[in-house]
Amino acid sequence: MEALSQALQPYKELVGNVAGIVTVLQMFSGAFVCNDIRRKGSSDGFSPMPFIGGCGLTILFLQHALLMNDPAMINANVVGFAISVVYSTFFYLYTPRQSKGDFWKQLGMAGALTAAMIGYAQIENPAVVEDRFGMIITVLMLMLIGQPLFGLPEIIRKKSTEGLPFAMILSGTVVGCMWLLYGIILNNTFVILQNLAAISLSGVQLALFVIYPSKDSKKKKQ
């Protein structure tokens, strides 16, 4: 791995910039989900966690990028946070009144967890904080990416992937591949493992779109 990293060093800045650009572009894939919500007239049936979790994770990845002193990651996560805030606000505006309490509950939990992790990064031993913080946010990232799979029983029952953010999953896979390459160049184990795991989880979700249609089969029969 070290030999490959050394061989790719001349392309570090290029790959980092491309990874940052595709990350920002991937953030705009959430617009497809927002458009589906707009057409439906309600966020009912959609989870706010991809957007709320996106706000929290971009803050945590920004903190990790600051620890690594990596400009490409810093820029990507600053823009990513701003876009996630816009999406979360849009989701809230389309959330039915009876569900707004759940939205605020999830937002509060995500905010508290994010604040706790930032606090940890400030008090941890500087010699180990980068690796340990990287491990923590890797687990959190995988939980967020894999969150749609918690609804797998319902997907199987309905034989439909309706409600899963296909554009976000597909674009996330592309982004994961780019950051994996960047992680190899950095020879950073956590960046490599983060993105290998992310690509694997996204691949499982993409496979669901092959197995099941995007619309509820029962609705098609009516």
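The structure presented is a predicted model; accordingly, all values stated were derived computationally and were not measured.

Turning our attention to the overall build of the protein. Helix and strand counts for the protein come out as eleven helices and zero strands. In the protein, the succession of helices and strands from N to C terminus is α-α-α-α-α-α-α-α-α-α-α. For the protein, whose C-alpha radius of gyration is 18 Å, the value lies close to the compact-globule estimate of 17 Å for 222 residues. Expressed as a percentage of its 222 residues, the buried residues of the protein come to 44%. Across the protein, contacts joining residues at least 24 apart in sequence account for 80% of those joining residues at least 6 apart. A gap of 17 Å separates the mean positions of the 16 positive and 12 negative side-chain charges of the protein.

A few words on helix 6 (residues 100–123). Over its 24 residues, helix 6 extends 35 Å from the first C-alpha to the last, a length consistent with the 34 Å expected when each residue adds 1.5 Å. Those residues of helix 6 that sit buried are Phe103, Ala110, Thr114, Met117 and Ala121. Contacts made by the buried residues of helix 6 are with helix 4 (49–68), helix 5 (71–93) and helix 7 (129–145).

Here we take up the UniProt feature "transmembrane region" (unreviewed entry) in the protein. UniProt feature "transmembrane region" (unreviewed entry): in the numbering of this structure it lies at residues 14–34, 46–66, 72–94, 106–123, 135–152, 164–185 and 191–212. Counted over residues 72–94, helix gives 96% and strand 0%. Its end C-alpha atoms are 34 Å apart. Segment residues 164–185 splits into 91% helix and 0% strand. End C-alpha atoms: 33 Å apart.

With respect to the helices, strands and loops of the structure, Ser43 is situated in the loop between helix 3 (30–40) and helix 4. A polar atom in the side chain of Ser43 sits 3.2 Å from the side chain of Thr95.

The next point concerns the pattern of salt bridges. Following the criterion strictly, the structure yields two salt bridges and no others. As a salt-bridge pair, Asp36 and Arg39 come within 2.7 Å of each other at their nearest N and O atoms. Residue Asp36 and its partner Arg39 are located together in helix 3, separated by three residues, close to a single helical turn. Residue Asp36 is classed as partly exposed on the basis of its relative accessible area of 31%. Across the pair Glu124 and Arg132 runs a salt bridge, and its minimum N-O distance is 3.3 Å. Owing to a relative accessible area of 16%, Glu124 belongs among the buried residues under this scheme.

A few words now on unusual backbone geometry. Positioned with a positive phi, Asn69 is a non-glycine residue whose angle comes to about 55°. Secondary-structure assignment places Asn69 in the loop between helix 4 and helix 5. In this model, Asn187 sits at a positive phi of 55°, which is unusual for a non-glycine residue. Tracing the backbone through its elements, the reader meets Asn187 in the loop between helix 9 (166–186) and helix 10 (189–211). Asn187 sits in the partly exposed class, given a relative accessible area of 36%.

Moving on: empty space enclosed by the protein. Scanning all chains against the criterion turns up one cavity of 30 Å³ or more. Reported here for the largest cavity is a volume of approximately 850 Å³. The wall of the largest cavity is formed by 36 residues, among which Gln26, Met27, Leu57, Met141 and Ile145 lie closest to the centre. Residue assignment for the lining of the largest cavity shows that the elements contributing at least two residues are helix 2 (12–27), helix 4, helix 5, helix 7, helix 9 and helix 10. In the lining of the largest cavity, the residues fall into 20 nonpolar, 16 polar and no charged.

Right, let's talk about the packing of helix 7 against helix 10 for a bit. Helix-helix packing is characterised by the crossing angle of the two axes and by the distance between the axes. Close contact between helix 7 and helix 10 brings their axes to 10 Å; oriented N to C, the two are set at 5°. Taken together, the axes of helix 7 and helix 10 lie roughly parallel to each other. Here Asp131, Gly134, Met135, Ile137, Thr138, Met141, Leu142 and Ile145 of helix 7 lie close against helix 10, whose contacting residues are Phe190, Gln194, Ala197, Ala198, Leu201, Ser202 and Gln205. Looking at side-chain class alone, the contact of helix 7 with helix 10 contains nine nonpolar, five polar and one charged residues.

Rules used in this analysis
- As a convention, each chain's residues are numbered from 1 in the sequence order in which they are written.
- Selection of residues for local features in this predicted model requires a pLDDT of at least 70, selection of side-chain atom pairs for listing and counting requires 80 or more, and totals for whole chains, interfaces and linings are taken over all residues.
- Values shown for side chains rest on all heavy atoms present in the structure; no hydrogens or waters enter the calculation.
- A run of H or I in DSSP counts as a helix once it spans at least four residues, and a run of E counts as a strand once it spans at least two, with each numbered from the N terminus.
- Throughout, radius of gyration means the C-alpha value; the globule benchmark is 2.2 Å times the number of residues raised to the power 0.38.
- Three exposure classes are used, based on accessible area relative to the maximum for each residue type with a 1.4 Å probe and protein chains only: buried under 20%, partly exposed in between, and exposed over 50%.
- Should any heavy atoms of two residues lie within 4.5 Å, those residues are considered in contact.
- Neither His nor the chain termini are counted; the positive set is Lys and Arg, and the negative set is Asp and Glu.
- Where a charge lies is defined by one atom per residue type: Lys uses NZ, Arg uses CZ, Asp uses CG and Glu uses CD.
- Multiplying 1.5 Å by the helix residue count minus one yields the expected span of that helix.
- UniProt positions are given in the numbering used here, feature names are shortened, and annotations may be inferred rather than shown by experiment.
- The term polar contact refers here to a pair of N or O atoms within 3.5 Å; inside protein, the definition further demands a hydrogen-donor-capable atom paired with an acceptor-capable atom, and it admits residues adjacent in sequence only when both atoms are side-chain atoms.
- Here, a salt bridge means any Lys or Arg side-chain nitrogen found within 4 Å of an Asp or Glu carboxyl oxygen.
- Both cavities and pockets are sets of points on a 1 Å grid over the protein atoms alone; in a cavity a 1.4 Å probe fits but cannot get out, in a pocket the set is open with protein on both sides within 12 Å along at least five of seven lines, and lining residues sit with an atom within 4 Å of a point.
- Grid points are joined across faces, edges and corners, and a volume is the space filled by probe spheres set on the points.
- All residues other than Ala, Val, Leu, Ile, Met, Phe, Trp, Tyr, Cys, Pro, Asp, Glu, Lys and Arg, Gly among them, are scored as polar; the first ten of these are nonpolar and the last four charged.
- Every axis corresponds to a line fitted to the C-alpha atoms, with the helix fit spanning only the stretch in contact, and the corresponding angles, defined between N-to-C directions, vary from 0 to 180 degrees.
- Geometric relationships in this document are graded by angle, where less than 35 degrees denotes roughly parallel, more than 145 denotes roughly antiparallel, 65 to 115 denotes roughly perpendicular, and other angles denote oblique.

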